[in-house]
Structure formats: structure tokens, C-alpha cells
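One-letter residues, chain by chain:
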Amino acid sequence: MEYAESIARDMIRPQARFFDEHEHEEPWEFEKFIWNTARKKLESLDPSIVVPEEPFMLQLHMIEMISWGDAGFFLCLPWPALGGNAIFTTGTAEQKDKLAKRFQGTEPTWTCMALTEAHCGSDSSAIRTRAVRDGDSWVLNGEKLFVTSARKAMVDSQGVMVVWATVDPKAGRAGIKPFLVESGNPGVKIFKLEQKLGFRSSDTAVVILEDCRIPHENLLGGEDGKGFKGAMKTFDSARPAAAANGMGIARATLDFLKEKLEEQGIKIRYGVPRHLLSSIERDVIDMEAQLRAAWLLVVRAGWLVDQDRRNTLESSMSKVKAGEVITKITQKGIELMGPLGYSRRLLLEKWMRDGKVIDLFEGTGQINRLIIARHILGYSNKELK
Ligand SMILES: Cc1cc2nc3c(=O)[nH]c(=O)nc-3n(C[C@H](O)[C@H](O)[C@H](O)COP(=O)(O)OP(=O)(O)OC[C@H]3O[C@@H](n4cnc5c(N)ncnc54)[C@H](O)[C@@H]3O)c2cc1C
């Protein structure tokens, strides 16, 4: 972990502002460094990530640490990521093996996952992208939005995109299946890159699939694939990962604040009765308590993954709490630093912009609250929506 810390501190953080101001430029130096040098040392970046022996908890710590340097850089890491996670969760042994081989080459490689469409993101059962069987092939047509690292996976590398499409629009979620689309497929077009509020070092693309023909064997999970349930299971580990991504931003804010307060001679007096503390001390202690509470939920959700136990409830809880805590901590950070906090001279305003997305992607705060409520109250998707 010390190695990840040095990368976050010495390599990522110094470039954070540049890539915030130069959206769509690739942090190639970092990506190649990770691929060529650091990958073997950072255990959780090893291609063995696609086999279950790798502790998920270790990945969460690494994600938090890299995100402390810059949260968007975490999404730039050449590793299996969200698409790889879907392949690991739902793929056949051959598909997993093929994925592992992609990550043993000489050039950085990425994966991505395309679920969201213009009319649906939260309600992914309403997907309209069509997959039609044609002999030994599938033909995909549709448009996907906000696909993280689509350009990296499909244009910059020999990567792969997991596309969720319906084989029968009338069947709802039962008709949805995941497909593997490989880089170089002429039916895939990266239509445009989004201009975003935050996470500007990470690219997010609109992807158009036009008569995109793929072999039948690229049906993820094969004939008996887990379809829609597979997509949902992907989120059980993706949500704690997104929460850990945000935890890095929140810790960066708190570390920075405490450093600045110390420079002004203000030391936080832990253990002193609350009514004797200054208002700033109370604020910082409250922020630290919230950060710790959120991190413990992330750890709990990750531990359940490592135990191979169901964690849908805990995973949503960790994501909701992280989204709330990051927003509060980054806003408070700006407040405590006054106008300087609002200026681009410091990274505080960037951390606030970056932090907001944790409550949006991998299921919004509202959707994760719905999932939590369904689990606690024992309602089905139809009964509580
Ligand atoms: C930076 C970034 C990266 C992303 N990366 C990816 C990616 O790699 N792949 C991918 O497929 N998608 C990605 N997304 C898309 C993201 O997952 C969706 O934007 C998200 O799921 C919300 O879906 P939506 O945009 O359709 O919003 P909508 O579903 O239209 O929601 C709009 C608002 O309504 C609320 N809402 C919706 N339904 C309910 C309900 N039943 N009850 C209460 N409130 C409700 C939502 O919480 C939200 O506040 C990314 C988004 C961003 C911003």
C-alpha cells in the first residue's frame, strides 16, 4: 500500500489540475507507467484480478489510495474495471481466460461497460438496444450514453466492451443479455466524448452500435448466461468500489484541511469534551467521524464479497453513505477555507465537483435507497418502485 501511496502522492496528485483543465487529454505517461512498471507491484492491478483468489478488500484500499491522488485517475487505470468485473461475474471459463490474456500484452488495455441509454439509466430493464440472432452471429443496434473509458477500450487499446441489449423488448428484464464487443469492430462508433462537471481526467463517451456483428460465442455467460441478474450482480462489487473511489476524495479534503489548520496553529484536540471545543474542531471531528462511518460500510460490503456472500444491501448502503459524506465534507472544506476554497488555486473546488458523481453513477442515491428499503422491508421491485 505504501507503493500505491507514493504513486498517488508523487505522480497523480501533481497532474490532477492539468487533466481537470484539459479534459479528453489522455494521462498516457501515468497509464504506461502503471502498465509497464507498477502493475506487477500493485498486487490488485495484476491480471489475476479476474480470478477469485485476489482479495477484493485489497482492491478497495488501493482504489481509495489512488483516488486520494485523483479520483478520475482511478478510472484511467489499465485494468479489467467495470467491464472486466461483469465478465468475471457472469462469463464462461473461456471468456474469463480470454480477458486475462488481454491483460498480459505489452500495451495498456481497458474494458468498459455500456448499460445506460438516453431514456433509461436507473431503470435498466427498459433497455432498447437490440440484439438479433443471425446464424452464428448476433447483430447489435442501439445507442449507449456515458460509457466510461469507451474510447480507451475500443480505440486506444485491444480492449473489450460489455454491452447490455435486449433480445426481446416485450420480455422486459428477462430479455436482457450481456454481449462482448471487441475493439476494432467496424459496427462500433465512439460518437462523442462528454464534457463533464468533474472526473475530467476520465473519458465518458456516447457509443453508437450500428449493425455491430459479433460471434455467438460473445454472448456473455453463454446460452445459460445470467442475463439481467448478472448486470445487477456486477453492481454488488462495483458500488463499494465507487464508494471507495469517493472515500479517497473525502480523505484528500480532510488531510488538506488539517494541514492548513496546523499551519495556522490550530490543532484538533481529540478527547476534549465537545462543549469545550472550538467550532472548527467540532466540524473537523464530525467530518472525520462521518468519513470513518462511510469507510466502515465500504469495508463491510467488500468483506462480504471476499466471503462470497450476498452483499446487495451492504453494497447499496456503502454507496449511499459515501455519496452523502463526500458531498458534505467537500462543501464544508470550501466553507472552512473561505473564498480561497472557492478559487481554482486550491483543489478543494475540484474535489467538490468530482465528489458529486459518486451519488450518480453505479446507481443514483435515490435508486440505492430504494434497494435498501426493499431489502429491509421485504418488498419486491414491483411492490416498491
Ligand atoms: C461520470 C459518469 C460515468 C458513467 N459511467 C457509466 C458507464 O461506464 N456505463 C454506463 O452504462 N453508465 C454510466 N454512467 C451513467 C449512470 O450510471 C447513469 O447516469 C445513472 O444510472 C442514472 O441514470 P440516468 O442518467 O438515466 O438518470 P435517470 O434514471 O433519468 O434519473 C434521473 C433522476 O431521477 C431519479 N430517479 C429515477 N428513478 C427513480 C425512482 N424510481 N425513484 C426515485 N428517484 C428516481 C434518479 O435518482 C435521478 O436523480 C455514468 C454516468 C456518469 C455521470
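Now for a look at the structure at hand. (Residues numbered from 1 in each chain as written. Predicted model: local features only at pLDDT ≥ 70, side-chain atom pairs only at ≥ 80, totals over all residues. Heavy atoms only, no water.)

## Section: the packing of aromatic side chains
Inspection of the entire model under this criterion finds 9 aromatic pairs. Through pairs of rings, three or more aromatic residues link up here, namely Phe18, Phe19, Phe30 and Phe73. Lysine 32 extends its terminal NZ or CZ atom over the ring of tryptophan 28, reaching a point 5.2 Å from the ring centre. Note that lysine 152 overlies the ring of tryptophan 110, its terminal NZ or CZ placed 5.5 Å from the centroid. (Phe/Tyr/Trp six-rings, centres within 6.5 Å; stacked < 30°, edge-to-face > 60°. Lys NZ or Arg CZ within 6 Å of the ring centre and 35° of its normal.)

## Structural notes on the packing of helix α10 (residues 279-306) against helix α11 (residues 312-337)
It is at 9 Å that the axes of α10 and α11 come closest, and there the two elements cross at 155°. One finds that α10 runs roughly antiparallel with respect to α11. The handedness of the crossing between α10 and α11 is left-handed. Residues Ile280, Asp283, Met287, Gln290, Leu291, Ala293, Ala294, Leu297, Val298, Arg300, Ala301 and Leu304 of α10 form the contact with α11, whose own contacting residues are Glu314, Ser315, Met317, Ser318, Lys321, Ala322, Val325, Ile329, Lys332, Gly333 and Leu336. (Axes fitted to C-alpha atoms, helices over the stretch in contact; angles between N-to-C directions. Helix = DSSP H or I, 4+ residues; strand = E, 2+ residues; numbered from the N terminus. Parallel < 35°, antiparallel > 145°, perpendicular 65-115°, else oblique. Left-handed = near helix turned anticlockwise from the far one by under 90°. Contact = heavy atoms within 4.5 Å.)

## Here we look at a positive patch on the surface
On the surface, a cluster of positive charge is made up of Lys226, Lys229, Lys233 and Arg310. Residue placement: arginine 310 occurs in the loop between α10 and α11. When its relative accessible area of 62% is taken as the criterion, arginine 310 is described as exposed. (Patch = residues over 30% accessible without salt bridge, like charges linked within 9 Å, V, L, I, M, F, W, Y side chains within 5 Å. Areas by Shrake-Rupley, 256 points an atom, 1.4 Å probe, with all protein chains shown as cover. Salt bridge = Lys/Arg side-chain N within 4 Å of Asp/Glu carboxyl O. Lys, Arg positive; Asp, Glu negative; His and termini not counted. Charge placed at Lys NZ, Arg CZ, Asp CG, Glu CD. Buried < 20%, exposed > 50% of the residue type's maximum accessible area, 1.4 Å probe, protein only.)

## Some thoughts on the nonpolar core
One finds Phe30, Leu60, Ile63 and Met247 to be the most contacted residues of the largest nonpolar core, which totals 51 residues. Of all the elements, helix α9 (residues 227-263) adds the most residues to this core, at 11 residues. In this structure, Ala150, Val188, Val207 and Leu209 belong to the second largest nonpolar core, which totals 23 residues. (Core = buried A, V, L, I, M, F, W, Y, C linked by side-chain atoms within 4.5 Å.)

## Notes on the site of the ligand
As a structural note, the neighbourhood of the ligand is formed by 21 residues, with Thr116, Ser122, Phe146, Thr148 and Thr364 the closest of them. In this structure, an oxygen atom belonging to the ligand sits 2.6 Å away from a side-chain N or O atom of serine 122. Phenylalanine 146 is positioned such that a nitrogen or oxygen atom in its backbone is 2.8 Å from a nitrogen atom of the ligand. About the coverage of the ligand: the protein hides 66% of its 970 Å² of free accessible area. Mapped onto the shell around the ligand, the elements with two or more residues apiece are β1 (111-114), β3 (137-148) and α14 (365-377). (Near = heavy atom within 4 Å. Polar contact = N/O pair within 3.5 Å; in protein donor to acceptor, adjacent residues only side chain to side chain.)

## Describing a nonpolar patch on the surface
Residues Ile376, Leu377 and Tyr379 make up a contiguous nonpolar surface patch of about 330 Å² in total accessible area. Residue position: isoleucine 376 is located in helix α14. For isoleucine 376, a relative accessible area of 57% puts it in the exposed group.

## Some points on helix α1 (residues 2-12)
All of the buried residues along α1 are Ala4, Ile7, Ala8, Met11 and Ile12. Take α1 and look down its axis: the buried residues cluster within an arc of 115°, on one side only. Among the exposed residues of α1, those pointing more than 90 degrees away from its buried face are Glu2 and Asp10. (Arc of directions from axis to C-beta.)

## Quick look at unusual backbone geometry
At alanine 81, a position not held by glycine, the phi torsion is positive, near 50°. Take alanine 81: it is sitting in helix α6 (residues 81-90). The residue phenylalanine 199 is not glycine, and still its phi comes out positive at about 50°. Tracing the backbone through its elements, the reader meets phenylalanine 199 in the loop between β6 (188-193) and β7 (204-215).

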